[in-house]
Structure formats: structure tokens, C-alpha cells
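Fold and geometry: a report
Chain by chain, the residues:
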Amino acid sequence: MGTRSVEVSGPLDAGAVWERYAVPGSWPEWLPQISSVDLSAPRLAPGAKGKLHAPMGVSIPFAVDSVDEQARTFAWTIRVGLLKLRLENWVHDGPDGGAVAGMRVTGPGPLVGAYAGQAQASLERLVGASSG
């Protein structure tokens, strides 16, 4: 098992960044490896279940474990075959305006490394630090 964390800052308002997280239908706007998201609720909610759809017909099931709208945090679990990744995500106000968004992933070492490797660029798009 391994754990990696990534945190980035950008110019978008923290409230707007949280909304981009909280409404999974918007995830393909900043997660280019995802073409669509199905979720059993219109926004993140504890116990909600869904699927991430990637190119070439790949779908990855996930479950939302916890959400704290006030703190702008959520945790979720992704299953890839028999493997499981636990992700914790957060957004807070940046020290000079804008937002800071972060993610911590825990799971099998090689899978954690692969996921965390893509997370930096995705989080940069999330907070508006990169146009992609």
C-alpha cells in the first residue's frame, strides 16, 4: 500500500472550484481522461455510487464515502478490478486569493503512482492554473 498527495493553487475562487468538484457532471471539463460521469445523485453525497467513463469503453465504478460541504472536502473509493483506491479531496481559499485544491490517494503502490501522476495536471485545470 502507498499514499501520495498533490496540492495546487490557481486563480479561480474556492467556491467555484468546490462546485466543479461537487457536481461530477462537470468533471470531464478538467479531467481529460474522463469522457463522462454517471452518479446516483446530482452532486456528491455520502453513499452515492457512480461510474467514471474513459475512452475505449472503459468504465470504473466508484462510491462517495463522505462529503463536508462547509469544509469543502470529500472522500471516495474507486475500484479497478480487484484493486481499490481511496481518494480524499479538498478545496480551500488560497493565501493570496484564488483556491488551493488537493488530493490524497491511498492504495496499491503502482496504481497510486499512476493516479497521482495524472492528478497534478488535472488539479491545475480544476483551479484554473492551466487551460489544459
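Right, let's walk through the structure included here.

1. Details of helix H1 (residues 14-22)
Burial in H1 covers these residues: Ala-14, Val-17, Trp-18, Arg-20, Tyr-21 and Ala-22. Contacts from the buried residues of H1 go to helix H2 (27-30), strand E4 (59-68), strand E5 (73-80), strand E6 (83-93), strand E7 (99-107) and helix H3 (109-126). The distance from a side-chain oxygen at the start of H1 to the backbone nitrogen of Gly-15 is 2.9 Å, and the residue carrying that oxygen is Asp-13.

2. A short note on the environment of Thr-77
Looking at the element boundaries, Thr-77 is found in strand E5. Its relative accessible area of 14% is what places Thr-77 among the buried residues. For the pair Thr-77 and His-92, spaced 15 residues apart in the sequence, the C-alpha separation amounts to 22 Å. Not counting residues within four places of it along the chain, the set of residues in contact with Thr-77 comprises Pro-61, Phe-62, Ala-63, Asp-65, Lys-84, Leu-85 and Arg-86. Polar contacts involving the side chain of Thr-77 include one to the side chain of Asp-65, which spans 2.7 Å.

What counts as what
Residues numbered from 1 in each chain as written. Predicted model: local features only at pLDDT ≥ 70, side-chain atom pairs only at ≥ 80, totals over all residues. Heavy atoms only, no water. Buried < 20%, exposed > 50% of the residue type's maximum accessible area, 1.4 Å probe, protein only. Helix = DSSP H or I, 4+ residues; strand = E, 2+ residues; numbered from the N terminus. Contact = heavy atoms within 4.5 Å. Polar contact = N/O pair within 3.5 Å; in protein donor to acceptor, adjacent residues only side chain to side chain.

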